[in-house]
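# Report on the structure
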Amino acid sequence: MPKEEPTYPFCPDETKYEKLAKIGQGTFGEVFKARDKKGKIVVAMKKVLMENEKEGFPITALREIKILQVLKNDNIVNLLEICRAKATPHNRYRSTVYLVFEFCEHDLAGLLSNPQVRFNLAEIKKVMQQLLNGLYYIHSNKILHRDMKAANILITKTGKLKLADFGLARAFSDKLNRYTNRVVTLWYRPPELLLGERNYGPAIDLWGAGCIMAEMWTRSPIMQGNTEQHQLTLISQLCGSITADIWAGVDKLDLFNKMELPKGQKRKVKERLHGYVKDQYALDLLDKLLTLDPSRRVNSDDALNHDFFWVEPLPQDLNHMLSRHNKSMFEYLAPPRRRGPIQQQQGAPGAGPSGGPGGQGGPGGVRPAGHNPDQHFERIF
Amino acid sequence: MFANSSQHKYWLFSGETELAKHRAEANKTYIEHYRQGQTDEEVAKFFLTPAEERILGRQYEVVLRKFCSEFQPPMPKCVIGTSLAFFKRFYVFNSTMDYHPKDIMLTCVYLACKVEEFYVPIGQFVKNLRGDREKFADAILSFELTLMGKLNYQLTVHNPFRAMEGFMIDLKTRHQELHNPEKIRKYVEEFLDRSLLSDACLIFSPSQIALAAIKFGAAKESISLDGYIKTVVLRLASDKEAENTLYQLRRVKAIVKSFEPTTREQAQAVQKKLDRCRNQENNPDSDIYKQKAIDKLNAEDDIPAVKRTKISQDNGS
């Protein structure tokens, strides 16, 4: 006599939720908007892809679960529960696991791609303050995000910002480490990773915060490299030549001699962004976030104390501005942005870290493209 | 932090009595499901009793620890601690008749390697086993999700090793009467190793286990750390709290010391019984399990076929 299906009292069946729409493509699977049939709560369900996993449950998903069970903060996406779809003939005997999150109406990339959405200076301050506050919290808990980009910054309809997608995140220590440098979407990847640094730290997330901050004005990613080499060229053109004079020890990095680094470039962060950003405090903070040398890049604590947040106009809640928009805005669902050259998608590392985390990191697994293939961005630099 | 961890919230029990109650319930649930009108006498002959299940569980904990200590590449202590914690947690609410400890044991170690960032690919992992390695790999991977589910996805384990190192540093800085704390290390570590085979991690916090190890490790060198514990560690505690802590330390010692190794004969008799009363649906060697795997493979083969029909339909229209 076959025993009845096992029950998981703490691990509810996925049929508890009813899927409403696909809203995104996460690091290791699809994301759906869904509704709790009983409580009528709206949630986001992230599917953990088990196909092609020779090593069982992906270690990246395991890290995301472990990390999000510990991180509980207003500016971090809230993991509600984990649920499992039973292996039945209906789903071809594949048992699937879903991470269930509180639902957020928008992501920053989606908002920025909609010209109807306009942020004033005080609102931009609120976005950046919440973003840096989230980074301060995770870094104090010894966690690196490793995938900062506008599409991973969620914003609720009342204007609360949440860092999301911890699919590449991991714990770090202050000891000498050898992590994989195949992390962070290319356009947001800091120079130390591009030069092969494996003993990196929280500064990598602050570079991404700088890129996102600039994007608040430019409305498109500021440095859209097609290859790692191209990305380094774009960085040098904006932040100045990468030399041992301004960055002690950079010449010791594995790829320093293997990459072509433009010489004689002057640092032009403030000048070039001035066309978009008029506020002097904003320009100064951007300059500090986009510092080449990671050991001199501003940390989240000092960034939060920067005058940008403490002079008029002070940070202002987004709920008023967002109340004018009653449609969800996600990058995944956004219509193509106007004009702009077509990005190479297939094979070009522009779409995400090729191959995903490897090294001591784990089984890797194919990382889906970070951007909607139909998504075109206007070139900034 | 341990204080707001899932371990503190969900995986600490009041004591052996409560653990025995949960285990007896798991035993009873399984038997009620499969007895099919057997009399109590027949049940006692056919199924394992809670006591027999404990013999089996304890024996596999010893096997697990041995497997870990011989593992190549050598694994850090926290991987051993986490593997054993997973194993013990699993069998608080599940019967060994439902899931055979030999399958769960290996899956616990494999999962603990991932969780503790000591990642070993499955191919390399099973090289530590003798026999049909492919079969072992299949079994481990097929039980992984079940194990995670039964652990309620609460995978962070706080082991006593870090707390112990903390106390060693504290002894050096705040208890300098003890000139060379390193001389008690050997006994302290022995105590922690023994604690891994007891239910201590299901009853006490890691720091209680670590402090007990320090206290009773030092006692072996004829050193009393009672003064350090009362005036340094418990300096800010009320009399009642201090008394309770000392009581808990004695309890840790009693539980760690109470471990009795099972004899070969005992274990063999139980194993024999288990071969007949175990749940065949969870036995990778059984026909019913193999049939399920075949169904699964066939179902997977169907996918391209379905897609192809769809494409040809599209072409036709």
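Residues numbered from 1 in each chain as written. Chains lettered and ligands numbered in written order. Predicted model: local features only at pLDDT ≥ 70, side-chain atom pairs only at ≥ 80, totals over all residues. Heavy atoms only, no water.

As a reminder, the rule being used: UniProt positions are given in the numbering used here, feature names are shortened, and annotations may be inferred rather than shown by experiment.
If you check an unreviewed UniProt entry, chain B appears there as Cyclin-H from Elysia crispata. Checking UniProt for chain B, the heading Subunit (unreviewed entry) contains the comment "Associates primarily with CDK7 and MAT1 to form the CAK complex. CAK can further associate with the core-TFIIH to form the TFIIH basal transcription factor." According to UniProt, the comment filed for chain B under the heading Sequence similarities (unreviewed entry) is "Belongs to the cyclin family. Cyclin C subfamily."

The name an unreviewed UniProt entry assigns to chain A is Protein kinase domain-containing protein, from the organism Elysia crispata. Of chain A, the UniProt comment under Subcellular location (unreviewed entry) reads exactly: "Nucleus".

### Re helix H6 (residues 228-239) of chain A
Residue and element names in this part refer to chain A. Just so we agree on the cut-off: Per the convention used, a helix needs a DSSP run of H or I reaching at least four residues, while a strand needs a run of E reaching at least two, with both numbered from the N terminus. Helix span, expected: 1.5 Å multiplied by one less than the number of residues in the helix. Under the scheme applied here, a residue whose accessible area is under 20% of the maximum for its type counts as buried, over 50% as exposed, and between as partly exposed, the area being computed with a 1.4 Å probe on protein chains only. When checking whether two residues touch, look at their non-hydrogen atoms; a contact exists if any pair is within 4.5 Å.
Taking 1.5 Å as the rise per residue, H6 with 12 residues should run 16 Å; its terminal C-alpha atoms sit 16 Å apart, in good agreement. Of all the positions in H6, only Glu-228, Gln-231, Leu-232, Leu-234, Ile-235, Ser-236, Leu-238 and Cys-239 are classed as buried. The inward-facing, buried residues of H6 contact helix H4 (191-194), helix H5 (203-218) and helix H7 (269-274).

### Remarks on the packing of helix H3 (residues 121-140) of chain A against H5(A)
Residue and element names in this part refer to chain A. Put simply, the rule reads: With axes taken as lines fitted to C-alpha atoms, and helix axes fitted only over the stretch in contact, angles between N-to-C directions fall between 0 and 180 degrees. Here is the rule for angles: anything less than 35 degrees is roughly parallel, anything more than 145 is roughly antiparallel, 65 through 115 is roughly perpendicular, and the remaining ranges are oblique. Helix crossings get a hand from a simple test, with the near helix turned counterclockwise from the far one by less than a right angle marking a left-handed crossing and a clockwise turn marking a right-handed one.
Direction vectors running N to C along H3 and H5 enclose 165 degrees, while the axes themselves pass 11 Å from each other. When the interaxial angle is binned, H3 and H5 end up roughly antiparallel. The interaxial crossing formed by H3 with H5 has right-handed handedness. Here H3 contributes Leu-121, Ile-124, Val-127, Met-128, Leu-131, Leu-132, Leu-135, Ile-138 and His-139 to the contact with H5, which in turn contributes Asp-205, Leu-206, Ala-209, Ile-212, Met-213, Met-216 and Trp-217.

### A few points about the packing of helix H9 (residues 160-174) of chain B against helix H13 (residues 226-233) of chain B
Residue and element names in this part refer to chain B. What counts, and what does not: Side-chain classes follow a simple rule in which Ala, Val, Leu, Ile, Met, Phe, Trp, Tyr, Cys and Pro form the nonpolar group, Asp, Glu, Lys and Arg form the charged group, and the remainder, Gly included, forms the polar group.
Running from N to C, H9 and H13 point in directions that differ by 85 degrees, and their axes come no closer than 12 Å. If you check the angle between H9 and H13, you find them roughly perpendicular. From H9, Phe-167, Asp-170, Leu-171 and Arg-174 reach across to H13, where they touch Tyr-228, Val-232 and Val-233. Residues of the contact of H9 with H13, tallied by class, amount to 5 nonpolar, no polar and 2 charged.

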